[in-house]
Amino acid sequence: MSDKIPVTVLTGYLGAGKTTLLNRILSEQHGKRYAVIVNEFGEIGIDNELVVGADEEVFEMNNGCICCTVRGDLIRIIEGLMKRKGKFDAIIVETTGLADPAPVAQTFFVDEEVQDNARLDAVVTVADAKWLTDRLKDAPEAKNQIAFADVILLNKTDLVTPAEVEEVEARIRGINPYARVIRTVKSQVPLSEVLDRGAFDLERILELEPAFLETGDGHDHHGHDHGHDHHEHGPDCGCGHDHHDHDHDHGHLHAHGGGGLKHYHDEHMQSVALTVSGDVDPEKFIPWVQDLAQSDGQNFLRWKGILSFKDEPRRYVFQGVHMILDGDLQREWKPGEKRDSKLVFIGKDLDKAKLQAGFEATAA
Ligand SMILES: Nc1nc2c(ncn2[C@@H]2O[C@H](COP(=O)(O)OP(=O)(O)OP(=O)(O)O)[C@@H](O)[C@H]2O)c(=O)[nH]1
């Protein structure tokens, strides 16, 4: 792991339980010192942390794409915090309930000073078990917050029946099959589940979702396709481009029955997982993702991966938000660990065959 300070971005719709989680983090005895950045008013400082209020300030990137924006206020606050480096171990950014997480996440990938000193550890989204299903219908921010997440606290499970919890979790999975979902009451969760996650844990994801395990030849060896790669257009992708396609049914979610766990597919949010067995060549991989970011980045809400680079003992961990990319070499591959290269994409209009072919062409 690098010595960059880990940053946890905390999102979730209004009233979901973000502040409840934050207060738990700040009051628990964990021996760590967190700097907390809250872009809300009325917050007060608590022992050992720094709570900084900030007004909204969002800049469009100079590539002209409105899907790439960064928070100027956040850059300045983090740069200020870096001058106090050593006084804290980690940073937590709590966003307002209505915020799109993209500009917050992108901030960690574009500003050089921020990038040199901090790394986005994980996006943690708190979801309200009672109201999420409704908000997914009427609030695009709520859906983006789910799509973006590495970890989702499915909170307020005390307010719904077990069957309703199952239902809302199935809807979450329809949008983001890769996040770790933890059911909570009053945001009670072991803090190790949400903090210092090391970005994300693809191995675990692929273990849990064997149907997403695909080999480098692009075929699903499980013999059934759950249909997560169907090609749909979303009017609300937030990238500023008009994707309206009037041939499509604009209903939000389809449930596919079939006994046991329900499968939902969200028409406006898709996900694709790709694997290349063995090493990729960084000289091919890096230019490929850079080109892909330019050509298709507006459709990629979040993309990430763990790569095995040829002749490199460490794992390369990669993540992107729309057109903005970040990656670094992290821990060494363990003895006996299978050195596969994996990528996942969450977004709209994902052309799985094209992505797979492009990824395979970077094999070493
Ligand atoms: N019943 C129940 N209430 C909860 C739970 N978690 C939080 N609450 C309550 O829900 C309300 C909102 O919680 P907050 O933590 O302030 O939510 P938030 O996401 O920070 O809200 P905003 O700042 O408005 O976006 C508070 O009254 C909490 O006490 C839970 O698991 N069950």
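Residue positions are given per chain, counting from 1 as you read along its sequence in written order. Local features in this predicted model are restricted to residues whose pLDDT is 70 or higher, and side-chain atom pairs enter the listing and the counts only when it is 80 or higher, whereas totals over whole chains, interfaces and linings include all residues. The side-chain figures draw on all heavy atoms in the structure; neither hydrogens nor water molecules are used.

(A) Region of interest: the site of the ligand. Around the ligand, a shell composed of 16 residues is seen, among which Lys18, Thr19, Thr20, Asp158 and Lys186 lie nearest. Here an oxygen atom of the ligand sits 2.5 Å away from a polar atom, N or O, in the side chain of Thr20. Note on areas: Shrake-Rupley with a 1.4 Å probe; residue coverage comes only from the protein chains shown. Protein chains bury 71% of the 650 Å² of accessible surface belonging to the ligand in isolation. A helix here means a DSSP run of H or I that spans at least four residues, while a strand means a run of E at least two residues long, and both kinds are numbered starting from the N terminus. Top contributing element to the shell around the ligand by residue count: helix α1 (residues 18-27), with three residues. Taken together, the residues of the shell around the ligand break down into five nonpolar, five polar and six charged. Each residue is tested against the molecule or strand, and it is near if at least one of its non-hydrogen atoms lies within 4 Å. Any N or O atom pair separated by 3.5 Å or less is treated as a polar contact, with the protein-specific requirement of one donor-capable and one acceptor-capable atom, and with residues adjacent in sequence counted only for side-chain atom pairs. Each residue is assigned to one of three groups, with Ala, Val, Leu, Ile, Met, Phe, Trp, Tyr, Cys and Pro labelled nonpolar, Asp, Glu, Lys and Arg labelled charged, and all others, Gly among them, labelled polar.

(B) Inspection of the sheet that holds strand β16 (residues 341-347) at higher detail. What makes two strands pair is DSSP finding at least two bridges between them. Here we have five strands laid out as an open sheet, ordered β12-β16-β13-β14-β15, and antiparallel in their pairing. Strands at the two margins of the open sheet, each flanked by one partner only, are β12 (270-276) and β15 (324-332). Each neighbouring strand pair of the sheet contributes to a mean axis angle of 10°, computed without reference to strand direction. Sheet analysis places strand β14 (residues 314-321) next to β15, joined by seven bridges and oriented antiparallel. Note on geometry: axes are C-alpha line fits, over the in-contact stretch for helices, and angles between N-to-C directions span 0 to 180 degrees.

(C) Structural view of the packing of aromatic side chains. Only Phe, Tyr and Trp rings are paired, with Trp represented by its six-membered ring, and only when their centres lie within 6.5 Å; those with planes under 30 degrees apart are stacked, over 60 edge-to-face, the remainder tilted. In the structure shown here, the tally under the stated rule is 10 aromatic pairs. Measuring from ring centre to ring centre gives 4.6 Å for Phe309 and Tyr316, while their planes differ by 25°; the resulting arrangement is stacked. Judged by relative accessible area, Tyr316 falls into the buried class, the value being 12%. Feature note: the residues Phe285, Trp288, Phe300, Trp303, Phe309, Tyr316, Phe318, Phe345 and Phe359 constitute an aromatic cluster, connected by ring pairs. For a Lys NZ or an Arg CZ to count as sitting over a ring, it must be within 6 Å of the ring centre and within 35 degrees of the ring normal. Positioned over the ring face of Trp131 is Lys130, at 5.5 Å from the centre of the ring. Residue burial is assigned from relative accessible area. The probe radius is 1.4 Å, only protein chains are included, and a residue is buried under 20% of its type maximum, exposed over 50%, and partly exposed in between.

(D) Quick look at the nonpolar core. One finds Ile37, Ile91, Val93, Phe108, Ile146, Ile152 and Leu154 to be the most contacted residues of the largest nonpolar core, which totals 49 residues. A total of six residues in this core trace back to one element, the largest contributor, which is helix α2 (residues 72-82). Residue ranges assigned to each domain were obtained from an automatic or database domain assignment. Mapping this core onto the domain boundaries places at least three of its residues in each of domain 1 (5-200) and domain 2 (269-362). Here, residues are in contact when the closest pair of their heavy atoms is within 4.5 Å. Beyond its immediate sequence surroundings of up to four residues, Ile146 is in contact with Thr125, Ala127, Leu132, Leu136, Ile152, Ile172, Ile175 and Asn176. Nine residue types can take part in a nonpolar core, namely buried Ala, Val, Leu, Ile, Met, Phe, Trp, Tyr and Cys, and a core is a set of them joined through side-chain atoms within 4.5 Å.

(E) View of the packing of helix α9 (residues 282-296) against helix α10 (residues 352-360). For the pair α9 and α10, interaxial distance at closest approach is 10 Å and the crossing angle is 155°. Between α9 and α10, the angle falls in the class roughly antiparallel. Contacts between α9 and α10 involve Phe285, Trp288, Leu292 and Asp296 from the former and Lys354, Leu355, Gly358 and Phe359 from the latter. Grouping the constituent residues of the contact of α9 with α10 by class yields five nonpolar, one polar and two charged. Any angle between 65 and 115 degrees counts as roughly perpendicular, while under 35 counts as roughly parallel, over 145 as roughly antiparallel, and the rest as oblique.

(F) Representation of the domain arrangement of the protein chain. Taken domain by domain, the protein chain comprises domain 1 (5-200) and domain 2 (269-362). Contact with domain 1, which involves 27 residues of that partner, is made by 24 residues of domain 2. Two parts placed together each lose some accessible area; with a 1.4 Å probe, that loss summed over both constitutes the buried area. Summing the contributions of domain 1 and of domain 2, the shared interface buries around 2,000 Å²; its carbon and sulfur component is 68%. Salt bridge, as used here, is a side-chain nitrogen of Lys or Arg placed within 4 Å of a carboxyl oxygen of Asp or Glu. Here domain 1 is connected to domain 2 by two salt bridges.

(G) Spatial organisation of the packing of helix α3 (residues 101-110) against helix α6 (residues 140-148). As a packed pair, α3 and α6 sit with axes 10 Å apart at the nearest point and diverge in direction by 40°. Each of Pro101, Ala102 and Ala105 in α3 lies in contact with α6, whose residues at this interface are Asn144, Gln145 and Phe148.

(H) Quick peek at unusual backbone geometry. With a phi angle near 65°, Lys156 is a residue other than glycine that sits in the positive phi range. Structurally, the position occupied by Lys156 is in the loop between β8 (151-155) and α7 (162-175). Owing to a relative accessible area of 23%, Lys156 belongs among the partly exposed residues under this scheme. The backbone of Lys186 sits at a positive phi, close to 55°, despite the residue not being glycine. Examined against the element boundaries, Lys186 turns out to sit in the loop between β9 (180-183) and α8 (202-208). We classify Lys186 as exposed; its relative accessible area is 58%.

(I) Highlighting the pairing of strand β7 (residues 118-128). The buried fraction of β7 is high, at 11 of 11 residues. Across eight bridges, the pairing between strand β1 (residues 5-12) and β7 is parallel. For Leu10, the partnering residue across the bridge sits in β7 and is Val124. As paired strands, β7 and β8 are joined by five bridges and run parallel to one another. Note on β8: the bridge partner recorded for Thr125 is Ile152.

(J) Inspection of the confidence of the model for the protein chain at higher detail. Note: pLDDT gives the predictor's confidence per residue, expressed from 0 to 100. A residue-level look at the protein chain finds 72% of positions with pLDDT of 70 or above and a mean pLDDT of 75. pLDDT under 50 marks residues 40-55. Its contacts with residues more than four places away, or in other chains, come to 34 contacts.

(K) Molecular detail of the pattern of salt bridges. Counted under the stated rule, the structure contains 20 salt bridges. For the salt bridge of Glu167 with Arg171, the shortest nitrogen-to-oxygen distance reads 3.2 Å. Placement of the pair is Glu167 and Arg171 together in helix α7, with a separation of four residues, close to one helical turn. Take Glu167: its relative accessible area is 22%, and that puts it in the partly exposed class. Ionic contacts of the salt-bridge type, sharing partners, join the residues Asp150, Arg302 and Lys304 into one network.

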